[in-house]
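Chains, contacts and geometry: an overview
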Amino acid sequence: MAWLRRHRVLLPGVTVLERLVGSVRERADVRMYTVVTKQVRRADPHLPAALSDLLVVPEGSRISELEKLRQAPKRTSGTEMVRALQRVDNLAAFGLSRVAVSKVPVRRMKTLAKYGAGSKAPALDRLVEPRRTATLLAVTRSLEAEAIDDALDLFALLMAARLISPARRKSADERLRMLPRLERASKLVAKAGRVLVDQLDLVDQEGVDLDVAAMWAAVAEIADVSKEQVRAALQVVEELVPEEDGAAEAAMRAALVEKYHTVRPFLRLLAESKALSAAPGGRRVLAAVRRLPELSRRQVSKKPLLPREIDAALVTASWKRAVYANLDLPQGAVDRDAYVVCVLERLLRALTIRDVFATPSLRWADPRAHLLAGAQWESIAEDVLASLSLTDPVQEHLNGKVLALDAAWKQMDARLEEAGEDALVSVATPAGGGRARLSVEKLGALGESESLAWLRAACQAMLPRIDLPELLLEVHAWTGFLDAYVHLADISTRMNHLPTSLVALLISEARNVGLTPVIKAGEDDQRRTFTQVLRLQARYHLVQRSK
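Worth saying up front: this structure is predicted, and the values here are computed from it rather than measured.

1. Brief notes about the overall build of the chain
Looking only at helices and strands, one finds 23 helices and six strands in the chain. Computed over its C-alpha atoms, the radius of gyration of the chain comes to 34 Å, more than 25% above the 24 Å expected for a compact globule of 547 residues. The principal-axis extent of the C-alpha atoms belonging to the chain is close to 120 × 70 × 65 Å. By residue count, 33% of the 547 residues in the chain fall in the buried class. Of the contacts formed within the chain by residues at least 6 apart in sequence, a portion of 67% connects residues at least 24 apart.

What follows is the structure in structure tokens.
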């Protein structure tokens, strides 16, 4: 249009432009389908037929294989984790990474995948070639990344909800049950200790020889405690209060070992998954995970696990007692169950910081993969560094940052030492090892000022009392946020009152009230609105527009 106006060309009618633009888009779509299908056949001549078989409903089943692959995990259990990993393996068996579609715009492939994800298997089966093969490729590629994300999400949830949290609660409950015994024993030892200290001070003041029998007699008379009772109380304190630090974390890990049978079913599938890769910081963890199936098959009652057969560097301080000090095992043997759960906990931590990552994936991918390197980085490095005011050499810049950070830590340490016990913050180091953190538990919450309370009440009084649909439509008038909802096929629509119907659908989904309360009254209007909103629900999705 701009070119036509700039060259003073007579503009065609709107319908002519619509037909022209539509024909150009159609040719572009056909070209994309052809290119993608050609790449599929080049990677594997049998792959198009294999993808088409996903649309077939097997005998004795009610849904197609594609619908089965679309089903995400529904429960948090070891058995569901097995199904999730089998879903990943079934999609990985197609070898979709062999298909080179790097020349096709990512946005076009995402649009094609979203259209296929919103269509049923019979609708996809009715598509003509080459569109069907291209759509199935886009859908399965998207499903593969989605399946990996679902499996790792389930693994993280399983570790947190079914292993770590129950073990932490059990450990805390056991410590609470021991507390009354510890209180009684500590009170008795404290009474006896106070009398002994007073008697020792008296002996020192009088300058007389120490009489042990007289000391115990004073303890029995003043504290009303016998020597045998003091010995028994000391044994209770030594039993309930371990000498090493981090006893609570160690007890939690000991309780965590009992959950080994929850993770055992999926160890083989997790270890053999080709979707997992590691950065240098996570290679040791991933190598240990690869060995877990071998350890799980081992009959440790006949052939105990030895320390040289495990990676001792992965066993943190909080795990050492559970891994190396199981009294039910022979001397020097390693607790296989404890080591397996320890490695899985390290895997979860490595996944969280992306030392271990998944490919292909959206939520668990390697963030370093998007960084430029080599010639691509060298071509723009000077401009990027100049825009960030990073003109100094790299090592010189890092050395300056290290010196500044070191000076800040030393200054804070000096101030904390000067404040002593009155310091409101402290540096806490985890008992099991890890990074130090700044603890602000002593800081009290700031109270709400009268001016803030007045301001909140005034703002609340000025807000108009309107219905939720009116609020959404007014915000749309300001921002146009409903325009972000587009058709799955990325086409325009002529639907009347589209924003109103979208608002109705949003409220219906958000409030979980169904469509009946949000449609217009009247039989004809009701039927028409039902049809329109159902069409929106099936064919529209939210897209993130780049800025």
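Picking up where we left off.
2. Some thoughts on the packing of aromatic side chains
Counted under the stated rule, the structure contains one aromatic pair. For the pair Phe155 and Phe266, a centre-to-centre distance of 6.4 Å together with 85 degrees between the ring planes defines the contact as edge-to-face. Placement of the pair is Phe155 in helix H8 (residues 131-206) and Phe266 in the loop between helix H12 (260-263) and helix H13 (267-272), with a sequence separation of 111 residues. Residue Phe155 is classed as buried on the basis of its relative accessible area of 0%.

3. Let's talk about the pattern of salt bridges
Within this structure, the stated rule accounts for 21 salt bridges. Between Asp150 and Arg363 there is a salt bridge, and its shortest N-O distance comes to 3.5 Å. Linking Asp150 in helix H8 with Arg363 in the loop between strand S2 (356-358) and helix H18 (375-387), this pair joins segments that are 213 residues apart in sequence. One salt bridge in this structure joins Arg298 and Glu309, with 2.7 Å as the shortest N-O distance. In this pair, Arg298 sits in the loop between helix H15 (292-297) and helix H16 (317-324) while Glu309 sits in the loop between H15 and H16, placing the two residues 11 residues apart along the sequence. Residues joined in a network through salt bridges with shared partners are Arg87, Glu146, Asp150, Asp153 and Arg363.

4. A word on the side chain of Thr262
You can see Thr262 is positioned in helix H12. Apart from residues no more than four positions distant in its own chain, Thr262 is found in contact with Gly78, Leu158 and Leu163.

5. Some thoughts on the environment of Leu124
In this structure, Leu124 sits in helix H7 (residues 121-125). Since its relative accessible area comes to 1%, Leu124 is described here as buried. Each C-alpha atom, one on Leu124 and one on Leu55, is 7.7 Å from the other, the two residues being 69 residues apart in sequence. Beyond its immediate stretch of four places on either side in the chain, Leu124 contacts Leu55, Leu66, Arg70, Gly116, Ser119, Arg132, Thr135 and Leu136.

6. Things to note about helix H22 (residues 498-511)
Along its 14 residues, H22 runs 20 Å from first to last C-alpha, staying within 8% of the 20 Å computed at 1.5 Å per residue. All buried positions along H22 are accounted for by Leu498, Ser501, Leu502, Val503, Ala504, Leu505, Ile507 and Ser508.

7. Here we look at a nonpolar patch on the surface
A contiguous nonpolar surface patch, about 640 Å² in accessible area, is contributed by Leu405, Trp409, Leu424, Val427, Leu438, Val440 and Leu443. Looking at where Leu443 falls in the secondary structure, it is placed in the loop between strand S4 (437-439) and helix H20 (450-462). Note on Leu443: relative accessible area 44%, which makes it partly exposed.

8. Examining the packing of helix H14 (residues 283-290) against helix H17 (residues 336-352)
Two elements in contact, H14 and H17, have axes whose closest approach is 10 Å; the angle formed by their N-to-C orientations is 140 degrees. For the element pair H14 / H17, the angle class is oblique. Crossing angle aside, the handedness with which H14 passes H17 is left-handed. Counting all contacts with H14, which are made through Val285, Ala288 and Val289, the residues of H17 involved are Tyr339, Val343, Arg346, Leu347 and Ala350. Partitioned by chemical class, the residues of the contact of H14 with H17 number seven nonpolar, no polar and one charged.

9. Remarks on unusual backbone geometry
Residues Glu129 and Pro130 are joined by a peptide bond in cis, for which omega reads 5 degrees. As for its placement among the helices and strands, Pro130 is situated in the loop between H7 and H8. Of note, the bond from Thr359 into Pro360 is cis; its omega dihedral lies within 30 degrees of zero at -5 degrees. Positive phi, close to 65 degrees, is recorded for Arg354, a residue that is not glycine.

10. Points about the side chain of Ser52
Residue position: Ser52 is located in helix H3 (residues 47-52). Using a relative accessible area of 16% as the deciding quantity, one classes Ser52 as buried.

11. Things to note about the nonpolar core
For soluble globular proteins, the rule of thumb is that nonpolar side chains tend to be buried together. If you look at the biggest cluster of nonpolar residues, it comprises 87 residues, and the most contacted ones within it are Val36, Phe155, Phe266, Trp319, Tyr339, Leu344 and Leu347. For this core, the leading source of residues is H8, giving 18 residues. Excluding its chain neighbours within four sequence positions, the residues that come into contact with Phe266 are Gly78, Met81, Val82, Leu85, Phe155 and Leu158.

12. Quick look at H14
The complete set of buried residues in H14 reads Val285, Leu286, Ala288 and Val289. Down the axis of H14, the sector holding all buried residues measures 160 degrees, keeping them to one side. What points out from H14, more than 90 degrees from its buried face, is the exposed set Arg283 and Arg284. On its buried face, H14 sits against H13, strand S1 (276-278), H15, H17 and S2.

13. Quick look at the packing of helix H2 (residues 14-43) against helix H6 (residues 106-117)
Across the interface, H2 lies against H6 with an axial gap of 12 Å and an inter-helix angle of 90 degrees. What the angle tells us is that H2 and H6 run roughly perpendicular. Together, Ala28, Asp29, Met32, Tyr33 and Val36 of H2 and Arg108, Met109 and Leu112 of H6 make up the contact between the two elements. Looking at the contact of H2 with H6 residue by residue, the class counts come to six nonpolar, no polar and two charged.

14. Focus: the confidence of the model for the chain
Mean pLDDT over the chain: 84, with 91% of residues reaching 70 or higher. Scored below 50 in pLDDT, residues 543-547 shows six contacts in the model against residues more than four places distant or in partner chains.

15. Observations regarding the environment of Val427
Checked against the element boundaries, Val427 lands in strand S3 (residues 426-428). Distance in space between the C-alpha atoms of Val427 and Thr316 is 21 Å, their sequence separation being 111 residues. Those residues within four positions of Val427 in sequence are excluded, and the remaining contacts are Trp409, Met412, Leu416, Ala436, Arg437 and Leu438.

Parameters and conventions
- Residues numbered from 1 in each chain as written.
- Predicted model: local features only at pLDDT ≥ 70, side-chain atom pairs only at ≥ 80, totals over all residues.
- Heavy atoms only, no water.
- Helix = DSSP H or I, 4+ residues; strand = E, 2+ residues; numbered from the N terminus.
- Rg over C-alpha atoms; globule rule 2.2 N^0.38 Å.
- Buried < 20%, exposed > 50% of the residue type's maximum accessible area, 1.4 Å probe, protein only.
- Contact = heavy atoms within 4.5 Å.
- Phe/Tyr/Trp six-rings, centres within 6.5 Å; stacked < 30°, edge-to-face > 60°.
- Salt bridge = Lys/Arg side-chain N within 4 Å of Asp/Glu carboxyl O.
- Expected span 1.5 Å × (residues − 1).
- Patch = residues over 30% accessible without salt bridge, like charges linked within 9 Å, V, L, I, M, F, W, Y side chains within 5 Å.
- Areas by Shrake-Rupley, 256 points an atom, 1.4 Å probe, with all protein chains shown as cover.
- Axes fitted to C-alpha atoms, helices over the stretch in contact; angles between N-to-C directions.
- Parallel < 35°, antiparallel > 145°, perpendicular 65-115°, else oblique.
- Left-handed = near helix turned anticlockwise from the far one by under 90°.
- Nonpolar A, V, L, I, M, F, W, Y, C, P; charged D, E, K, R; others polar.
- Core = buried A, V, L, I, M, F, W, Y, C linked by side-chain atoms within 4.5 Å.
- Arc of directions from axis to C-beta.
- pLDDT = per-residue confidence, 0-100.

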